[in-house]
Structure formats: structure tokens, C-alpha cells
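# Structural description and commentary
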Amino acid sequence: MLLLDNIIAAARSQPATIVLCEADDVRVLSAAQRAHQDGTARIILVSDTQKIEACAQRNQISLLGINIEDPTTSPLRERLKDALLALRGPKGMQPENAEQLIQNPLCFANMLVHCDQADGSVAGAVYSTGEVVRSALQLIGKAPNTELVSSFFLMLMCQPHHPYQGGMIFSDCGLVIDPTAEQLASIAQAAAESARKLLQTEPRVAMLSFSTAGSAHHPAVDKVIKAAKLVKACCPDLLIDEDTQLDAALIPEIAARKLPSSRVKGQANVLIFPNLEAGNIAYKTAERLGKLIAIGPLLQGLRKPANDLSRGCSAEDIYAVIAITSLQAQGSS
């Protein structure tokens, strides 16, 4: 997995501080130990200190040099509580609510990011996707000039039967159910930036549809075409094709026949799906039948990175997301 190795190496060049709030889970501790020891990230663990230490001892995991913050005893608790109240008070939060909520490890972790005590967070081994995304939106917030937070999967191709060895961005496969044309344009622009950061190459974006170059007429096709035109107006140098069927997006010979004016030329590395249904089905098909490795859903459009995990994830999966989050944090505000 050369691409993932490159991501890890890039993260190590400028390791960020990543907070993990499910720190009494052996998978999280194993990934944290590895990331800390190899310099992929500086780690903060958030949970009950006794539970963390007991789990580490049972599984022979060293916590040497790793910062632990217990939300019930941390010296940062009052500062984070006050910041939480200042942030959410205008939305109706009362002091007693802030006092209770700051003891929640997910809230505490994301307030560390909000208060610039950490550069990014990773959660979802225990918490649900809804909890992870809601907390990130409320406490970390959207990046400046960003209208929409969306998600993507980093899809890794490393099997001999894959057409090339590397990665692709699939978006949005996990968050925005039925985007408008404007939202789809925002997703495409965010995914292109994710490709620049993680694929370490220029994005080549295909706006997927059941139509290629207007071969079908339907409001669903019109949405994709409008979204692509909005992206082109904002990013004239971006390599992007309008309504494109998957084969024309990925196979140069078919692109040459169906879409001779293509800028992507059948070599897309960013696939933008017209809705969540299509994206979710596509990434799972690629993962289960094509044997691509799917990492995500990863979030894009936040002020600082906060990424989700599958509750069935392995320590290896968590380590990969820590590395990606550490790299995303480079250059974030």
C-alpha cells in the first residue's frame, strides 16, 4: 500500500496532535501506541484514567510519553467548560448542561480541538457516526467560507488485478443524502482538495451520472451538469468533466469515444456521486467485489479535521485514520 505509506511518511514530517476519546478500547490504545512510537502523530487520550491504564496493562500496551486527559479530573476541564458555554450558550445551553456535557469524552476531545489544544480528533470505534459528526459540527465547526461539511472515502488499490496501484477519492458516500446542485459543487471542490492533500497529485474529477455529455435528459442529469458548471466557474484550472458515466470516467478508450472533449480523459481519481445512495452502493461494491480498501468516512469542510471510524474497525484501520487526520491537520487553521 504505497499510497498509505506515503501518507504516513508525510504525516511524520510534521506530526499533528490528535485526540482519541475512546481510549479504554484496546483497538484505540494499540493504534495510539503505534502512532506515538513511530512519530505519525502526537497523541492525547481522553477517558477515565483508571480504565485506560487497566486496558493498557491487560494488553501489554505502553503508554509511556502519551498524554492522558480524564474529563472528570483534568486541569483543562474548567477552561473547556467555559469555552463550551461561550460557544453553545447562544444556542440555549445552560451552565449545568455544560458542566455535565464536558464530562463526555467525545465533547471533551472536540473542545480540545476547538481550543487549539489538539489539531484534530478521531472517534467512531464506539460512538455512532451521527454522534461523531454532530459533535464535530457543533464544537469544531465549518471551515471559513465553507457552506457544507461532507464526507469521502479514500479507496486504496493494491491488488494485482487492480488497473493501477494507488488511490481514489469517492464522495459523498456517507453524509449528504440528496445534495442540491450547489451542494454537489461544494462536495466536488472539497473532494478535489482532499485529493491534493492525500493522493499527492492533481485531482481529476468526474461528476458521475447515468448520462455522458447530455446523452440522457432528466432533472437528475441537469443537477450534475449545473454542479459541474458551478465548479468550473470557481475553479477554471481544475480538470473536471460534466455528466459522465463511470466507464467514461475510468477507461481512456471509452472516454475517447463517448467524450472526446474530456479534460479527465478516462483517468479520474476523484469520483463525485449524484447522491448518497449511489455513493454508498458504489464504495461498498468496490470494497466487497473489487477488493479495494475503503478508509472512511472521512470528513471534509471542517475548521480542523475530525474523522469517523466504523464501529467494526481494527487497530490497523484506526492507525490509518490517525495518519490521515495528522496529514489533514497540516496547514489547517
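Calculation criteria
Residues numbered from 1 in each chain as written. Predicted model: local features only at pLDDT ≥ 70, side-chain atom pairs only at ≥ 80, totals over all residues. Heavy atoms only, no water. Core = buried A, V, L, I, M, F, W, Y, C linked by side-chain atoms within 4.5 Å. Buried < 20%, exposed > 50% of the residue type's maximum accessible area, 1.4 Å probe, protein only. Patch = residues over 30% accessible without salt bridge, like charges linked within 9 Å, V, L, I, M, F, W, Y side chains within 5 Å. Areas by Shrake-Rupley, 256 points an atom, 1.4 Å probe, with all protein chains shown as cover. Salt bridge = Lys/Arg side-chain N within 4 Å of Asp/Glu carboxyl O. Helix = DSSP H or I, 4+ residues; strand = E, 2+ residues; numbered from the N terminus. 1 Å grid on protein atoms, 1.4 Å probe; cavity = no way out; pocket = protein on both sides within 12 Å on 5 of 7 lines; lining within 4 Å. Points joined across faces, edges and corners; volume = space filled by probe spheres on them. Nonpolar A, V, L, I, M, F, W, Y, C, P; charged D, E, K, R; others polar. UniProt positions renumbered as here; feature names shortened; annotations may be inferred. Phe/Tyr/Trp six-rings, centres within 6.5 Å; stacked < 30°, edge-to-face > 60°.

## Examining the nonpolar core
- Counting 65 residues, the largest nonpolar core has I43, L45, L154 and M207 as its most contacted members.
- Judged by nonpolar contacts, the second largest core, of 31 residues, contains I44, V113, V133 and L302.

## With respect to a nonpolar patch on the surface
- Residues L246, L250 and I251 make up a contiguous nonpolar surface patch of roughly 230 Å² in combined accessible area.
- Its place among the elements puts L246 in helix α10 (residues 246–250).

## Details of the layout of surface pockets
- When its volume is computed, the largest pocket comes out at roughly 650 Å³.
- The set of elements that each furnish at least two residues to the lining of the largest pocket consists of α8 (181–198), α9 (219–234) and β10 (293–300).
- A total of nine residues in the lining of the largest pocket trace back to one element, the largest contributor, which is α8.
- Within the lining of the largest pocket, the residues separate by chemical class into twelve nonpolar, nine polar and five charged.
- Approximately 520 Å³ is the volume found for the second largest pocket.
- Considering the residues around the second largest pocket, the lining is formed by 25 residues, among which M168, F170, L246, L250 and L271 are closest to the centre.
- Looking at the lining of the second largest pocket, the elements with two or more residues in it are β6 (166–171), β7 (204–208), α10 and α12 (276–288).
- Looking at the lining of the second largest pocket element by element, the count peaks at four residues for α12.
- Residue composition of the lining of the second largest pocket, by class: 15 nonpolar, nine polar and one charged.

## Overview of the UniProt feature "domain: Phosphate acetyl/butaryl transferase" (unreviewed entry) in the protein
- Taking the numbering used here, the UniProt-annotated feature "domain: Phosphate acetyl/butaryl transferase" (unreviewed entry) corresponds to residues 3–325.
- Counted over residues 3–325, helix gives 45% and strand 18%. Its end C-alpha atoms are 15 Å apart.

## Some details on the packing of aromatic side chains
- Counting across every chain of the model gives two aromatic pairs.
- Centroid distance F153 to Y283: 3.8 Å. Interplanar angle 20°. Geometry classified as stacked. In this pair, F153 sits in strand β5 (residues 150–157) while Y283 sits in helix α12, placing the two residues 130 residues apart along the sequence.
- Given a relative accessible area of 9%, Y283 falls into the buried group.

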